[in-house]
Amino acid sequence: MAQITANGIAIEYEDHGDPADPPILLIMGLGAQLTLWPIELVEALAGRGFRVIRYDNRDIGLSHKFDGVKAPGILPLMLLGRIGLAPRVPYTLNDMAADAVGLLDAIGIERAHIVGASMGGMIAQHVAFTWPERAISLTSIMSTTGNRRLPPARKEALDVLTRRPDSTDEAVLVAHGMKIARTIGSPAYPAEEERLRANVTAGIRRSYYPAGLQRQIAAIIADGDRRKRLRGVEAPTLVLHGEADPLVPLAGGEDTAAAIRGARLRTFPGMGHDLPLELVEPMAEEIAQHARAAGRTGGEA
């Protein structure tokens, strides 16, 4: 792991594979550290001939924390959005996309294949339509467009994600993290108990910072509907989505693919809002084939 200054803040990142290979930038989702990209997926992409970079978004993991900066509550944000007013938030998804571009600048990468999951998919979309010259291709995983007419998250998924644990005792935090994973995860591919416990424990010991979650949620809500902006995306686009996603229903992926000209949608039966090990190989192959095709037509970095 390494840390650099990008877009004026400290960003923690990892760099895997041959530096001479075409780069893939992985952007993780809401409240999620870079370690939620399974190392098996990282290695599968590197083994297919890519340089793979994953990093902690601002306000999570080992990257910069916006301590003491308050975010508006979810209800006021939603009400302002419904009447067409832009709420004031600590930072925006476009700021977070500028972090991604700043990271590429800092490590000397001119263009990359941009891959984002969940909120990371939203950030990746921003990179593609705000800095089109930096995106060779776009892959949006279990993400959406911000279209308020789409089906909402299931109540149990939203509740478990926003509920605070009873204490900061490690055992309580681990149980809470495992409950989140089980609730939003893939029903067809349940994580093995001890592996899940080990991963959740490692994540908590690496960094536990719930304050960042509220600011990231504020950035998502304030961003509104991206469909008009997505119509301008020129990067070849792949949309991957689970058919059993309780947090971002499949309609979000379908809407993303419909909004971007020429986008291709691939869905996975039984996949929820996670990246199960059983799907690492097919997902890596989808991403790699898409990146290779885009590289041939658009040129690599």
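Anything mentioned here points back to the structure above.
The structure presented is a predicted model; accordingly, all values stated were derived computationally and were not measured.

Novice: Talk me through the pattern of salt bridges; I want residue IDs and the actual numbers.
Specialist: Using the criterion set out here, one finds 18 salt bridges in the structure. One salt bridge connects Asp223 with Arg226, and the closest N-O pair in it is separated by 2.9 Å. Comparing Asp223 with Arg226 shows no difference in burial state: the two are buried. The salt bridge partner of Asp223 is Arg229, with a shortest N-O separation of 3.6 Å. Residues joined in a network through salt bridges with shared partners are Arg48, Glu281 and Glu285.

Novice: If you had to explain helix H1 (residues 39-47) to someone new, which residues and values would you point to?
Specialist: Listed in full, the buried residues belonging to H1 are Leu41, Val42, Ala44 and Leu45. Relative to the axis of H1, the buried residues are bounded by an arc of 165° and lie together on one face. In H1, the exposed residues that point more than 90 degrees away from the buried face are Glu43 and Gly47.

Novice: Go over helix H4 (residues 119-130) with me, naming the residues and quoting the values.
Specialist: Across its 12 residues, H4 extends 16 Å between first and last C-alpha, which sits within 8% of the 16 Å expected from 1.5 Å per residue. Summarising burial for H4: 11 of the 12 residues are buried, a large majority. Three or more residues of H4 are buried, namely Met119, Gly120, Gly121, Met122, Ile123, Ala124, Gln125, His126, Val127, Ala128 and Phe129.

Rules used throughout
Residues numbered from 1 in each chain as written. Predicted model: local features only at pLDDT ≥ 70, side-chain atom pairs only at ≥ 80, totals over all residues. Heavy atoms only, no water. Salt bridge = Lys/Arg side-chain N within 4 Å of Asp/Glu carboxyl O. Buried < 20%, exposed > 50% of the residue type's maximum accessible area, 1.4 Å probe, protein only. Helix = DSSP H or I, 4+ residues; strand = E, 2+ residues; numbered from the N terminus. Arc of directions from axis to C-beta. Expected span 1.5 Å × (residues − 1).

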